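A look at the structure
Now for the letters of each chain:
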Amino acid sequence: MRYIGTIESKVDSKGRVFLPSVFRKAMQSSGVERLVLRKDVFQPCLVLYTEDVWESQVAALRSRLNRWNADHQMVLRQFLSDVEVLPIDGNGRILVPRRYLRMASIEQCVRFVGMDDTIELWRGGDDKPFMEPAAFGAALEQIMSNDTTNRQQ
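Residues numbered from 1 in each chain as written. Predicted model: local features only at pLDDT ≥ 70, side-chain atom pairs only at ≥ 80, totals over all residues. Heavy atoms only, no water.

Structural notes on the overall build of the protein chain
Along the backbone of the protein chain there are 5 helices and 8 strands. Helices and strands appear in the protein chain in the N-to-C order β-β-α-β-β-α-α-β-β-α-β-β-α. The principal-axis extents of the C-alpha atoms in the protein chain amount to approximately 50 × 45 × 30 Å. Taking all contacts inside the protein chain whose residues are at least 6 apart in sequence as the whole, residues at least 24 apart take part in 59%. By element, 51% of the accessible surface of the protein chain is carried by carbon and sulfur atoms, the whole surface being about 10000 Å². Taking the average location of the 21 positive side-chain charges in the protein chain and that of its 20 negative ones, the two points are 5 Å from each other. (Helix = DSSP H or I, 4+ residues; strand = E, 2+ residues; numbered from the N terminus. Contact = heavy atoms within 4.5 Å. Areas by Shrake-Rupley, 256 points an atom, 1.4 Å probe, with all protein chains shown as cover. Lys, Arg positive; Asp, Glu negative; His and termini not counted. Charge placed at Lys NZ, Arg CZ, Asp CG, Glu CD.)

Observations regarding the pattern of salt bridges
Summed over all chains, the structure comprises 7 salt bridges. One salt bridge in this structure joins Arg111 and Glu8, with 3.1 Å as the shortest N-O distance. Placement of the pair is Arg111 in strand S7 (residues 109–115) and Glu8 in strand S1 (residues 6–10), with a sequence separation of 103 residues. The buried category is assigned to Arg111, whose relative accessible area is 10%. For Glu84, the salt bridge goes to Arg99, with nearest N and O atoms at 2.7 Å. Here Arg99 lies in helix H4 (residues 98–103) and Glu84 lies in strand S5 (residues 83–87), a separation of 15 residues in the sequence. Among the residues examined, Glu84 registers a relative accessible area of 24% and is labelled partly exposed. Relative accessible area serves as the criterion here: at 35%, Arg99 is assigned to the partly exposed category. (Salt bridge = Lys/Arg side-chain N within 4 Å of Asp/Glu carboxyl O. Buried < 20%, exposed > 50% of the residue type's maximum accessible area, 1.4 Å probe, protein only.)

Here's the deal with helix H2 (residues 51–64)
The terminal C-alpha atoms of H2 lie 20 Å apart, and with 14 residues this matches the ideal 20 Å at 1.5 Å per residue to within 8%. Regarding H2, the residues found buried are Val53, Trp54 and Val58. Projection of H2 onto a plane perpendicular to its axis shows the buried side chains occupying an angular sector of 135°, all on one side. Across H2 from its buried face, at more than 90 degrees, point the exposed residues Asp52 and Ser63. The elements touched by buried residues of H2 are strand S3 (34–39), strand S4 (46–50), helix H3 (70–81), S5 and strand S8 (118–123). (Expected span 1.5 Å × (residues − 1). Arc of directions from axis to C-beta.)

From the geometry alone we can't say anything about function, so treat these as descriptive.
Shown next as C-alpha cells:
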C-alpha cells in the first residue's frame, strides 16, 4: 500500500479521529483492521504503520542489532516500548491516546501526511513537515544528481 497526499481532519473530545477516506479505502481493500502508532524518531509527529509494515520495520532493525550488545538492546527497547496498536472502528476512526496527542502537540486539528508506506499525523495547520519550495528544489536536485542509479536515460 502506498499513501500519498495531505489531508486535514478533526480530533473529537475523546481523541477519536476519522482516517481520511483515501487512506481508509486502501486499508479496507487490503484487509487492514489495526494500525500501529508510535512517535516519530526524528520529528514532532506520530506515525501510523499497518501491521505488516511495522513487522517489516522491526525485522529490519533486529537484523542490524546484536542481542548481546547492551546499547543495541537499549535501542530496541526504546523503539518497541512506546507503541500502541489501534483498531479501526466500524466508522473508520482510530482512538489516539491523549499522551500521543500531547507528544505531537495535536489538539483539535490533525494533518495526515501520506509517506509512502506509512502515514504521519501532524498538528493541523503546522508547516513543519514541509520545506520551503527553493530549499526543496535544491535538495531534490542534489539527491537526484548525486545518485547515478536514479538518473533517467
